[in-house]
Amino acid sequence: MSHYNLILVILGVAILAVAWLPSLLKKFPLSYPILFVGLGMLVFWLPLGLPNPDPNEHSTFTMHLTEICVTVALTGTGLKIDRKFSLWRWRAPLQLVMVLMGITIAVFAVVAWKLGGLVPASALLLAATLAPTDPVLAGDVQVGNPGEGREDNVRFALTGEAGLNDGLAFPFVHLALVVLAASSLHLGQELLHWAWMDVLYRTGMGVLAGWLAGLALSFLIFDLPRRVRINPEAYGFVALAVTLTAYGVTELLHGYGFLAVFVAAVTLRSHERSHEYHTEMHEFTDQLERLLIVVILILFGGAIVRGLLAPLTWTGAALGLFLLLILRPMGGILTLGRSRVTWPERLVISFFGIRGIGSFFYLAFALHEAQFADGRQLWAITGFTVLTSIILHGTLATPVMDWLDRRHGRPTAGELEEQQQAAPEHPRN
């Protein structure tokens with residue numbers, strides 16, 4: 001019981017901090033995830049008798065906790081994108097997902113295999129785990145709230161990429177499981193099954209189920225008679241319904257739930273775009289997402305001080321730095337070479353390939369499904385890469401985005417917040 005009460009105190013202080021810190025740190029080159037990882041390291045370092053938050057020992061809990069966090073984040077991400085979907089309008093994030101992510105997985109898997117010393121299945125799993133950018137920890141470089149207007153090329157490209165690639169990286173996680181389990185005699189047959197099932201069917205079902213879920217919820221909100229329409233005070237629960245319904249139904253149909261959740265949110269956002277319910281739903285998902293982030297980052301910090309990075313070698317650390325500092329930036333610049341974004345925008349998009357909670361989920365899922373001999377090493381490399389991304393990108397996000405805003409004559413995030421606070425509030429109808 002003492003441990004239970006202690007955990008409640010830690011969570012209470014952390015939740016209070018997450019409500020207070022973002023506005024305090026708005027003008028400083030520091031993001032609140034860095035502080036919560038540090039808080040987790042401090043709390044679990046002290047002799048308080050807290051249990052070991054090792055993701056290897058608690059793989060099922062880790063998988064489901066990160067799964068919920070990513071699904072909630074994807075709903076919020078889809079709801080705040082103002083730009084209507086079309087292949088032309090969304091060409092930048094589609095290039096990053098369809099071209100850059102594939103190149104990243106292929107190159108990184110080969111490097112991890114040939115130079116990193118990992119077996120092919122583990123190298124491919126690590127590549128699939130670390131290739132997608134994260135919708136959870138990338139809030140500082142994403143678009144603003146629904147209807148806010150902060151949807152420049154950089155923020156839109158990074159937001160759209162984070163929303164799409166969390167579903168489209170899943171086929172490569174399944175491919176790693178196929179490579180691990182299949183014998184050389186049956187590898188061709190297994191690869192054929194992977195192509196039509198894990199690539200075509202699961203991806204198609206994710207898009208279809210997400211689109212239908214978005215249409216159905218739009219009908220419930222807008223097209224029903226007013227006397228049976230959803231109460232405006234319940235719009236936050238509608239956001240949660242989008243998340244759980246789209247994800248659960250799609251997974252039951254063996255599709256990719258992450259992709260379905262994002263597609264459902266984007267579809268829902270396309271209806272009555274100026275309606276206040278978009279803001280209501282986004283605010284609800286944002287608060288729920290922050291609560292889950294607090295828990296995960298504290299546990300991540302605790303896992304670090306309890307030995308998560310102990311199996312890390314210099315080669316493993318070099319793999320993480322290679323991905324963050326060389327492969328992602330160079331790949332992004334080349335992928336966006338013929339796009340209409342300016343060179344400064346291209347550099348920023350290419351640099352901010354933030355890794356985070358999604359990577360934890362993919363690795364926990366794969367290690368829950370199959371036994372990889374070097375699982376602890378994979379966790380060490382992934383943990384190091386995510387920690388480096390949190391510190392590096394979290395420190396540079398505010399000054400880089402402020403520099404980009406000033407270059408284009410736009411108010412910075414801090415200036416915009418000051419303007420909103422100075423403006424008189426208008427009561428809602």
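Residues numbered from 1 in each chain as written. Predicted model: local features only at pLDDT ≥ 70, side-chain atom pairs only at ≥ 80, totals over all residues. Heavy atoms only, no water.

As annotated in an unreviewed UniProt entry, the protein chain is Cation:proton antiporter from Hymenobacter canadensis. Under the UniProt heading Subcellular location (unreviewed entry), the note attached to the protein chain is "Cell membrane". (UniProt positions renumbered as here; feature names shortened; annotations may be inferred.)

A.B. asks: Before we move on, can you summarise the packing of helix α12 (residues 314–335) against helix α15 (residues 375–407) with the specific residues and values?
C.D. replies: Two elements in contact, α12 and α15, have axes whose closest approach is 9 Å; the angle formed by their N-to-C orientations is 45°. Classified by the angle their axes make, α12 and α15 are oblique. Between α12 and α15 the crossing geometry is right-handed. Listed contacts from α15 to Gly316, Ala317, Leu319, Gly320, Leu321, Leu323, Leu324 and Leu325 of α12 are Ile381, Phe384, Thr385, Thr388, Ser389, Leu392 and His393. Residue composition of the contact of α12 with α15, grouped by class: nine nonpolar, six polar and no charged. (Axes fitted to C-alpha atoms, helices over the stretch in contact; angles between N-to-C directions. Helix = DSSP H or I, 4+ residues; strand = E, 2+ residues; numbered from the N terminus. Parallel < 35°, antiparallel > 145°, perpendicular 65-115°, else oblique. Left-handed = near helix turned anticlockwise from the far one by under 90°. Contact = heavy atoms within 4.5 Å. Nonpolar A, V, L, I, M, F, W, Y, C, P; charged D, E, K, R; others polar.)

A.B. asks: Quick rundown of the packing of aromatic side chains? Include the residues and the values.
C.D. replies: Considering all chains together, one arrives at 18 aromatic pairs under this definition. Ring-pair connections join several aromatic residues into one group, and the members of that group are Phe170, Tyr247, Tyr256, Phe258, Phe361, Tyr362 and Phe365. Taking NZ or CZ as reference, Arg83 lies 3.9 Å from the ring centre of Phe156, over its face. Between the NZ or CZ atom of Lys114 and the centre of the ring of Trp113, over which it lies, the distance is 4.1 Å. (Phe/Tyr/Trp six-rings, centres within 6.5 Å; stacked < 30°, edge-to-face > 60°. Lys NZ or Arg CZ within 6 Å of the ring centre and 35° of its normal.)

A.B. asks: Would you mind going over the pattern of salt bridges in detail, with residue names and values included?
C.D. replies: Applying the stated criterion across every chain yields a total of eight salt bridges. Here Asp405 makes a salt bridge to Arg155, at a shortest N to O gap of 2.9 Å. In this pair, Asp405 is assigned in helix α15 and Arg155 in helix α6 (residues 153–168), connecting sequence segments 250 residues apart. Note on accessibility: Asp405 and Arg155 belong to one class, buried. Among the charged side chains, a network of salt bridges with common partners joins Asp152, Arg155 and Asp405. (Salt bridge = Lys/Arg side-chain N within 4 Å of Asp/Glu carboxyl O. Buried < 20%, exposed > 50% of the residue type's maximum accessible area, 1.4 Å probe, protein only.)

A.B. asks: Please set out helix α10 (residues 257–269) residue by residue, giving values where relevant.
C.D. replies: Across its 13 residues, α10 extends 18 Å between first and last C-alpha, which sits within 8% of the 18 Å expected from 1.5 Å per residue. Of all the 13 residues making up α10, 13 are buried; the element is thus mostly covered by neighbouring parts of the structure. (Expected span 1.5 Å × (residues − 1).)

A.B. asks: Help me get a handle on the environment of Ala73, residues and values and all.
C.D. replies: Checked against the element boundaries, Ala73 lands in helix α3 (residues 59–79). Between the C-alpha atom of Ala73 and that of Leu292, which follows or precedes it by 219 residues, the distance is 9.7 Å. Discounting chain neighbours no more than four positions away, the residues touching Ala73 are Pro135, Val136 and Glu289.

A.B. asks: Account for the packing of α3 against helix α14 (residues 357–369), naming residues and giving values.
C.D. replies: Here α3 crosses α14 at 140°, and the two axes come no closer than 8 Å. Between α3 and α14, the angle is such that the two are oblique. As for how α3 packs across α14, the hand of that crossing is left-handed. For the pair α3 and α14, the contacting residues are Ser59, Thr60, Thr62, Met63, Thr66, Glu67, Cys69 and Val70 in the first and Ile357, Gly358, Phe360, Phe361, Ala364, Phe365 and His368 in the second. For the contact of α3 with α14, a count of residues per class yields eight nonpolar, six polar and one charged.

A.B. asks: Which residues make up the nonpolar core, and what values do they have?
C.D. replies: The nonpolar side chains of a soluble globular protein tend to be buried, and buried together. Phe36, Phe300 and Ile357 are the most contacted members of the largest nonpolar core, which totals 121 residues. Dropping the residues within four chain positions of it, Phe300 is found in contact with Val37, Leu308, Phe360, Gly383, Val386, Leu387 and Ile390. (Core = buried A, V, L, I, M, F, W, Y, C linked by side-chain atoms within 4.5 Å.)

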